[in-house]
Amino acid sequence: MNNNYDMVIIGGGIVGASTAMQYLNRNPRHTVLLLEKECGPAMHQTGHNSGVIHAGVYYAPGSLKADFCKRGLKSTIEFCENHGIPYDQCGKLIVATDKQELKKLDNLFQNSVENGLTVRWVEADELSELEPNINGIRAFLVEDSAITDYPAITSQMIDNFVKAGGEVRYNSTVVALKEEQSSVAISLENGQVQGSYLIACAGLQADRVAKMIGIDIDFQIVPFKGEYFKLPESKSDVVKHLIYPVPDPDMPFLGVHLTNMIDGSVTVGPNAVLGFNREGYTKLSFNLRDIATMTLFRGFWKVIVANFKSGFQEMRNSLWKPGYLKLVQRYCSSIKLSDLEPYPPGIRAQAVMSSGELVHDFLFKTTDRSLHVCNAPSPAATSAMPIGEYICEQVQSHLK
């Protein structure tokens, strides 16, 4: 087995898979290895998200997020069409339920226009025609938004990568990195490999992998668990579009929404509660290392203090289902407590600076022989193709 490669990529989520596929397409004579610590691809953030192909409503014009998202929507749909992966461009309605939300809704609409999205206003009468089960005084329709199956996309990217000559090793946990003048030595639990260059797309472990190679980072990954419910099959036709509330601009999350899934079901969520295990998806999952790392980080406590009220409300609604239901009934009163059936949560890797500032855009760190994706916030799944393209361009310009 070869243990020396031109390029080694850490991470078998959609960003790592996209990067590996595109890098080998650009450099077909290079030997490229993709390492994933789990037994298969898309086991964490990629496999635990809403499946939405976002359009870029919420992102600041000119930011990497806005650029990646707009290009990502188009390239994701093209990838689905080229490989027979299901998607549905059902559109998204962002709904105001009272007059206090109208100004925020207008700001979002203007932001969408600046980002070049296909949007239009929907007044209350038309809203009731489009979505008879939704209550709102005004909304706007984002026609570009869609849904798909991101684990299927990731698997197809890896298939493309392997067919082009790439190698994938699962069950390969990275435990140490050593950068040398012309290569990076990568120690695994089950051996060692070497690469002339390393790209790390480590998601929930991004900060730890960056530290392994000696990068002096001023941030830490803080996990936020997004809890979902699934509606019963009898309520699968409750909405035709994705239904989103008007988000609180002071919060990094979008609020509880109704999402049509590609399998025909409808989910409700997510909330956003602090996670005590970066990779634990059960209700009471704890990891002592993750808790210790988090609580010893000064930026964590600054985030807690700054967001205490909203954090308390989210935690209360996590423990008390009627509180969660109340958020949904603001715009969909027909949903009852008995309709909220269990559904697996997701965990978002949120980079937090030691100052307590949440990192809202993409964050990359480099050394002479490595590039690290340190923060890949939503819409990272939507944006996986342009992110991979950006990484490849950065690496190739660096190596010239």
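Just so it is clear, the model here is predicted, and its values are computed rather than measured. (Residues numbered from 1 in each chain as written. Predicted model: local features only at pLDDT ≥ 70, side-chain atom pairs only at ≥ 80, totals over all residues. Heavy atoms only, no water.)

Okay, the overall build of the protein next. From N to C terminus, the protein includes eleven helices and 20 strands. What you see for the protein is a C-alpha radius of gyration of 21 Å, in line with the 21 Å of a compact globule of 400 residues. C-alpha atoms of the protein, sized along the principal axes, occupy 65 × 45 × 40 Å. A burial count over the protein gives 55% of its 400 residues as buried. Roughly 17,400 Å² of accessible area belongs to the protein as shown, and the carbon and sulfur atoms make up 52% of that amount. (Helix = DSSP H or I, 4+ residues; strand = E, 2+ residues; numbered from the N terminus. Rg over C-alpha atoms; globule rule 2.2 N^0.38 Å. Buried < 20%, exposed > 50% of the residue type's maximum accessible area, 1.4 Å probe, protein only. Areas by Shrake-Rupley, 256 points an atom, 1.4 Å probe, with all protein chains shown as cover.)

Reading across the sheet, the three strands line up as β3-β8-β4 and stay open at both edges, with antiparallel pairing between neighbours. The two strands at the open ends of the sheet, each matched to only one other strand, are β3 (52-53) and β4 (87-88). Pairing between β3 and strand β8 (residues 146-148): two bridges, direction antiparallel. Within β8, the residue paired with V52 across the bridge is I147. (Pairing = 2+ DSSP bridges.)

With that settled, the discussion passes to the pattern of salt bridges. As enumerated under the stated definition, the model contains 16 salt bridges in all. A salt bridge links E123 to R138, with the shortest nitrogen-to-oxygen separation between them at 3.0 Å. Within this pair, whereas E123 is found in strand β6 (residues 119-123), its partner R138 is found in strand β7 (residues 138-142), the two being separated by 15 residues in sequence. Overall, the relative accessible area of 38% leaves E123 in the partly exposed class. By relative accessible area, which is 25% here, R138 ends up partly exposed. (Salt bridge = Lys/Arg side-chain N within 4 Å of Asp/Glu carboxyl O.)

This brings us to helix α9 (residues 308-319). Between its first and last C-alpha, α9 extends 16 Å over twelve residues, near the 16 Å set by a 1.5 Å rise per residue. Residues of α9 that are buried: S310, E314, N317 and S318. Axial view of α9: buried residues confined to an arc of 110°, hence all on one face. α9 presents F308, K309, F312 and L319 as exposed residues on the side facing more than 90 degrees away from its buried surface. (Expected span 1.5 Å × (residues − 1). Arc of directions from axis to C-beta.)

So, on to the packing of aromatic side chains. Counted by the stated rule, this structure contains eleven aromatic pairs. Where F68 meets F362, the ring centres are 5.1 Å apart and the plane angle is 70°; that geometry is what we call edge-to-face. Of this pair, F68 sits in helix α2 (residues 64-83) while F362 sits in the loop between β18 (341-353) and β19 (363-367), and the two are 294 residues apart along the sequence. On the basis of an interplanar angle of 80° and a centroid distance of 5.8 Å, the ring pair of W121 and F140 is categorised as edge-to-face. Residue W121 is located in strand β6, and its partner F140 is located in strand β7; the two are separated by 19 residues in the primary sequence. Taking the relative accessible area as the measure of exposure, W121 reaches 22% and is therefore partly exposed. Under the relative-accessibility criterion, F140 is labelled buried at 0%. (Phe/Tyr/Trp six-rings, centres within 6.5 Å; stacked < 30°, edge-to-face > 60°.)

Another point: the environment of P245. Among the secondary structure elements, P245 is positioned in strand β14 (residues 242-245). Judged by its relative accessible area of 12%, P245 is buried. In this structure, the C-alpha to C-alpha distance between P245 and V113, residues 132 residues apart in sequence, is 19 Å.

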